[in-house]
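Observations on chain architecture
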Protein chains: 2
Amino acid sequence: MKGLLELNKHDLMVEVNRLNQLHEVDLAAYMETLDSEEFLLMSHFLEKKQLAEAFAELSRDYKQEMMNHLNDEDLRVVVHHLDSMELVDTIKELPANLVKRLLGQLDGSKRSLINQLLGYPEESVGSIMGVEMVKCLAEEDQAQILTKLSNSKFDPEYLQIIWMIDHNQHLVGYLYLSDLIRYPHDDLNTIIQTDVISVKTLDDQEFASNIMNKYHLSLLPVTDEEGCLVGVVSADIMLDVMEEEFSEDMASMQGMGGIDEDYLKVPAFVHFKKRIVWLLILMVTATLTGYIIQRYDAILSGSVILAAYIPMLMDSGGNAGGQATTVIIRSLTLGEVALKDAAKIFLKEFEISIMVGICMALLNMVRIMVMDQVSMMVNLTVSLSLLLTIIMAKLVGSMLPLVGTFFKQDPVVMAGPILTTVVDTFSLLIYFEIASLLLGL
Amino acid sequence: MKGLLELNKHDLMVEVNRLNQLHEVDLAAYMETLDSEEFLLMSHFLEKKQLAEAFAELSRDYKQEMMNHLNDEDLRVVVHHLDSMELVDTIKELPANLVKRLLGQLDGSKRSLINQLLGYPEESVGSIMGVEMVKCLAEEDQAQILTKLSNSKFDPEYLQIIWMIDHNQHLVGYLYLSDLIRYPHDDLNTIIQTDVISVKTLDDQEFASNIMNKYHLSLLPVTDEEGCLVGVVSADIMLDVMEEEFSEDMASMQGMGGIDEDYLKVPAFVHFKKRIVWLLILMVTATLTGYIIQRYDAILSGSVILAAYIPMLMDSGGNAGGQATTVIIRSLTLGEVALKDAAKIFLKEFEISIMVGICMALLNMVRIMVMDQVSMMVNLTVSLSLLLTIIMAKLVGSMLPLVGTFFKQDPVVMAGPILTTVVDTFSLLIYFEIASLLLGL
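Reading the values: the criteria
All chains use their own residue numbering, which begins from 1 and follows the written sequence. Think of it this way: whatever chain is written first is A, whatever ligand is written first is 1, and the rest follow in order. Where totals are concerned, whole chains, interfaces and linings use all residues; where local detail is concerned, this predicted model gives features only for residues with pLDDT of at least 70, and gives and counts side-chain atom pairs only at 80 or more. The side-chain figures draw on all heavy atoms in the structure; neither hydrogens nor water molecules are used. Here the rule is simple: two strands pair whenever DSSP picks up at least two bridges between them. Helix and strand assignments follow DSSP, with helices taken as H or I runs no shorter than four residues and strands as E runs no shorter than two, numbered in order from the N terminus. Between the N-to-C directions of two axes lies an angle of 0 to 180 degrees, each axis being a line fitted to C-alpha atoms and, for a helix, fitted only over the stretch in contact. When checking whether two residues touch, look at their non-hydrogen atoms; a contact exists if any pair is within 4.5 Å. UniProt positions are given in the numbering used here, feature names are shortened, and annotations may be inferred rather than shown by experiment. Between 65 and 115 degrees an angle is taken as roughly perpendicular, under 35 as roughly parallel, over 145 as roughly antiparallel, and anywhere else as oblique. Definitions for this section: a left-handed crossing has its near helix turned counterclockwise from the far helix by less than a right angle. A right-handed crossing has that turn clockwise. Only Asp, Glu, Lys and Arg are considered charged, only Ala, Val, Leu, Ile, Met, Phe, Trp, Tyr, Cys and Pro nonpolar, and every remaining residue, Gly among them, polar. Exposed residues in this analysis have more than 50% of their type's maximum accessible area, buried residues have under 20%, and partly exposed residues fall in between, with area computed by a 1.4 Å probe over protein chains only. The arc in question is traced by the directions running from the helix axis to the C-beta atoms.

It is worth spelling out the sheet that holds strand β2 (residues 161–165) of chain B at this point. In a beta sheet, neighbouring strands are held together by backbone hydrogen bonds and run either parallel or antiparallel to one another. Residues and elements named next belong to chain B. Spatial ordering of the open sheet is given by β1-β2-β3, a layout of 3 strands whose pairing is mixed. The strands lining the two open edges of the sheet, one partner per strand, are β1 (134–137) and β3 (171–176). On average, each strand axis in the sheet is tilted by 35° relative to the strand beside it, whichever way the strands run. Where β1 meets β2, 4 bridges bridge the pair, whose relative direction is parallel. In the sheet register, Lys-135 faces β2, and the bridge partner there is Trp-163. Where helix α10 (residues 142–151) meets the sheet, it contacts β1, β2 and β3, and its direction lies at approximately 160° from that of β1.

Per the UniProt record, "domain: CBS" (unreviewed entry) is found at residues 192–248 of chain A. Between the first and last C-alpha atoms of residues 192–248 of chain A the distance is 39 Å; the span itself is 42% helix and 23% strand.

Contact geometry of helix α13 (residues 205–214) of chain A with helix α14 (residues 235–253) of chain B gives a least axis separation of 8 Å together with a crossing angle of 115°. As judged from the angle between their axes, α13(A) and α14(B) are roughly perpendicular. Where α13(A) crosses over α14(B), the handedness of that crossing is left-handed. Along its contact with α13(A), which presents A:Asn210, A:Met212 and A:Asn213, the element α14(B) presents B:Leu239, B:Asp240 and B:Glu243. Among the residues forming the contact of α13(A) with α14(B), the class breakdown is 2 nonpolar, 2 polar and 2 charged.

Residue and element names in this part refer to chain B. If you check which residues of helix α6 (residues 72–81) are buried, you get Leu-75, Val-78 and Val-79. Buried residues of α6, seen end-on, are gathered within an arc of 95° and therefore sit on one face of the element. Residues of α6 that are buried in the fold lie against α4 (48–57), α5 (60–69), α7 (84–93) and α8 (96–103).

Shown next, in the form of structure tokens:
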């Protein structure tokens, strides 16, 4: 394919026309493949609205490059096409001098609004809400509402619902634009919905996600502490938020910071940095198991065969505990259980672990009898240790996420690696104590 | 609080009025707390629309109970208030005789549509799409479109977008209702959006979720293989789908089937059944490590201290491999990498693992020198084994999800438990081979 700079005027305009029709996400991806000169050329020829929409989708480096190319007038046009959330996300990425230049394009009231949005804590509802919405009072009639709507300059996806407030700005209900159009002669009260579900700006974004999911909402209104309507979260934003939360959870379970960018694009050294800290910490804590084995080395010298069952015991404990942890984390996330249910969870896992433990210990006993040439006492030592290890692992695995929650930590952080260390240590202690008891070593 | 049956007529009507105002999700939760007689009473007094909406939210048992209580006429009213997706979800839950009774309330065309929807494979886009939508031809004008909209009986959330098709039913663009209202005198062509993104009925729901996320869509149109518009997926449905997929992924990583119901409500025996199979399989495969240790027991008898480092080696390998698996599964899920990138991934993980391995081996060597009383050769054996174990674990961990993908298995199933077994086995082999080489045992 020819470079953009080599195209004649007609072909260039054909190309520009094609790019103006592209979805902004695809346009941004295309623009990131251009070199600096081509990028400048495109920025010049593209429709400003299309350019603004693509701008919001560019990665940080390209946003900076585009800002450096645009004169103040063009930048103002781009900035005016961005909605509040795009502005906030952009500002969070840019260096101070560019933030200043960008904020300079906004009028006073917009600027103070953006500053307020920037102030909401990370992962709060306030940090992911938009402020574009049409609000109406209950006494307004269809014509007044439609006029308000017609005068609004928001993106159309924000206009499917009209929010009803009282004179104190309190949210009292909502109204679908489609109902307003479909039932024009009806009393508005018959089409206003009053079973309105809302969240607060400082609520956790994961809580908002659960609410949207539970009530099947495509838009979730947000109020401040006084109940005044201040923003709206849309389900498509929430998809992104959930994707991030999941990735974070998965990564935390392996003791890694989340990686937001494309796997293959991230340099190996960055991957290395994300992964090494936890591995080192865990390697050092794992030496604990080493000391336990050294402490009991008289037992091991007396019966080297005992070493052969250590990995099976540790793995079984790790797997059993991991299951409990996963189930409890999921239930915590969905709000099915909370800290106050600790005793109930403990009892339930105790019950489950006895069933699981007996089942595994019996199978293990039969397997050893049939396949291994070891004494019955060794067999009993291993099988009894397995039973107790499973019970211990399920209890530890189910309680760790609650401990995390108690200390206001993401429960996921307590899972995976920490679980392994705790379960390994206790399973060895159980094993050797039972061995010294039963085998008299 | 008094039971519903003890209320006098006035108080009962006050209560009914309150319930008519509730969000249907909350109403359904409330109805599930009623006994059979109260339930019947409520079903009688509630507005039929409200009753129908709550019906869709009831759990299976209560749906059956309500259907047994309702006469054919009332059932018909309830059924007519359900949208296609609610019908499909309900039918999937009911026993055959009730399905027949329910389908009997539908007219022929609706029934055949529902039957078609029931035929889409699980986890396909077709199985989660709705068919409620307003379609228009490009030559229709504003008045015609608004008439169509006014005649539609769909839930208002389906009406924010009007889909533009050609005479062959092919999807060619879309139009926001709010734009149609806001810009009534504009040529429709200026407000029709042609950068329309769509998926096909047989695409995987996770693919659709990625598309909605990437393009920030609140509604995603669905076409059949010929490109004809047949349905729409909404972002709030997708939130539910993602939640399920994530729970499933987490559960699979621990070798458990997903549990859809509330943790505390599920009997311990059901939890037991979900967990035991994998634990037994893994316990048996873990005996492989036992055999390896037995095979090398001469080495272990010669130097019992070697046993002390087995857990650390196995845990470090497991953790390092788990990180690689998690990262690759995430990238596969997001579509950042695919099977064809196997070589690139292999090389990248090789690079990362060398950095990680050297770093860990060095720290380990220093730690052993400072803290343990063992010979330099034992130290060297352990540290070298650690380096090789990390490299092996990262490579195995990154390749396993790809192997799963190649065999058309969910990559997640290959992670967790299988990874542990493979990494444990290889790390022991590495350790003992190096020990016999360096220590001459």
